[in-house]
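So you can see what is in the structure, the chains are spelled out below.
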Amino acid sequence: MAKLAFLFLLLCEAASVAQAPSNPCQSCAEWNAPQAPFHIYGNTFYVGPHGLSSILITSSAGHVLIDGGLPESVSQIVANIRKLGFRVEDVKLIVNSHVHFDHAGGIAELQRLSGARIVASKWSADVMTKTGLSRDDPQYGVIPPIALVAHVQTLSDGETFRVGDIALTAHLTPGHTPGGTSWTWKSCEASRCLNLVFADSLSPVSADGFKFTKSREYPTAIQDFKKSYAFLRATPCDILLTTHPDASNFWERVGSRDRGVKPDPIVDSAACRQLADRAEANLQKRIAEESAK
Ligand SMILES: [Zn+2]
């Protein structure tokens, strides 16, 4: 099953395979498979379904939620938060990697349940509040729009947001979409504080006919991807989390940790650089495919 899921990801999300699936929800049931919530490190917890990360960062003054899965993930995310002993009503801030239906589809409902404020990049905020999807998205035409939210605060690159003692920093990592955003924060256990990174998707997936190398709608796609790789290679990174857990071999690392492997396999300071390397190799393949057409 794990192997199947990994293969699927190779096809759909992380790979050089060019086109987005024509029916995007052929994957939804697998992505939305139930997952018991669990502790990652310090004040950071996994609360998403098995195939779509949703991360809860907690403080005594309220919590932060990163990504909201599919619309049908919301009930799981809320139940998972409660199973951990927290309350969705105490989520004060919701942020997002990118505004595709599988990572932002549940945000409108999660915002309604929590009353949290939402911050997003300018491009993502426009999609979230006005249109639900955008023509300069490489997957425009093959993905459904997301449910709209009324108010989104626009962030700038490098801006830090605080909830209690949580300090969460936004990093623009475009390419997969023009508004893609990755997030960094520190979590501590006793005196050991680690750098956590929630990396946005970096796969060059598109609708039929879209070319990353030559797009009137998204002319900066290639340079955007390069900016995102540079961020991943430079940012302090002890624990890497990705929009789809399999993109960072997360379940293998969690499984090893659960079997008692030491040092903690979730902690890997090379993981962000390796993700950038894999993503760049996939883009190079995609560029070669586009050039051959
Ligand atoms: Zn996406």
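Peer 1: Looking at this model, I keep getting lost on the sheet that holds strand S4 (residues 63-66). Mind explaining?
Peer 2: The mixed open sheet is built from seven strands, whose spatial order is S1-S2-S3-S4-S5-S6-S7. Each edge of the sheet is formed by a strand with only one pairing partner; in this case those strands are strand S1 (38-41) and strand S7 (153-154). Of the strand pairs in this sheet, strand S3 (residues 55-57) and S4 are connected by three bridges, and their pairing is antiparallel. Bridging across to S4, isoleucine 57 finds its partner in valine 64.

Peer 1: Where do I start with the packing of aromatic side chains in this structure?
Peer 2: Two aromatic rings, taken as a pair, are described by how far apart their centres are and by the angle between their planes. Enumeration according to the criterion identifies twelve aromatic pairs in this entry. When the ring of phenylalanine 161 is compared with that of tryptophan 183, the centres are 6.4 Å apart and the planes differ by 55°; the resulting orientation is tilted. Note that phenylalanine 161 is positioned in strand S8 (residues 160-163) and tryptophan 183 in strand S10 (residues 181-189), a separation of 22 residues in sequence. The pair phenylalanine 161 / tryptophan 183 is uniform in exposure class, with both members buried. Following the ring pairs from residue to residue traces out a cluster consisting of Phe38, Tyr46, Phe250 and Trp251.

Calculation notes
Residues numbered from 1 in each chain as written. Predicted model: local features only at pLDDT ≥ 70, side-chain atom pairs only at ≥ 80, totals over all residues. Heavy atoms only, no water. Pairing = 2+ DSSP bridges. Helix = DSSP H or I, 4+ residues; strand = E, 2+ residues; numbered from the N terminus. Phe/Tyr/Trp six-rings, centres within 6.5 Å; stacked < 30°, edge-to-face > 60°. Buried < 20%, exposed > 50% of the residue type's maximum accessible area, 1.4 Å probe, protein only.

Geometric values such as these leave the question of function open.
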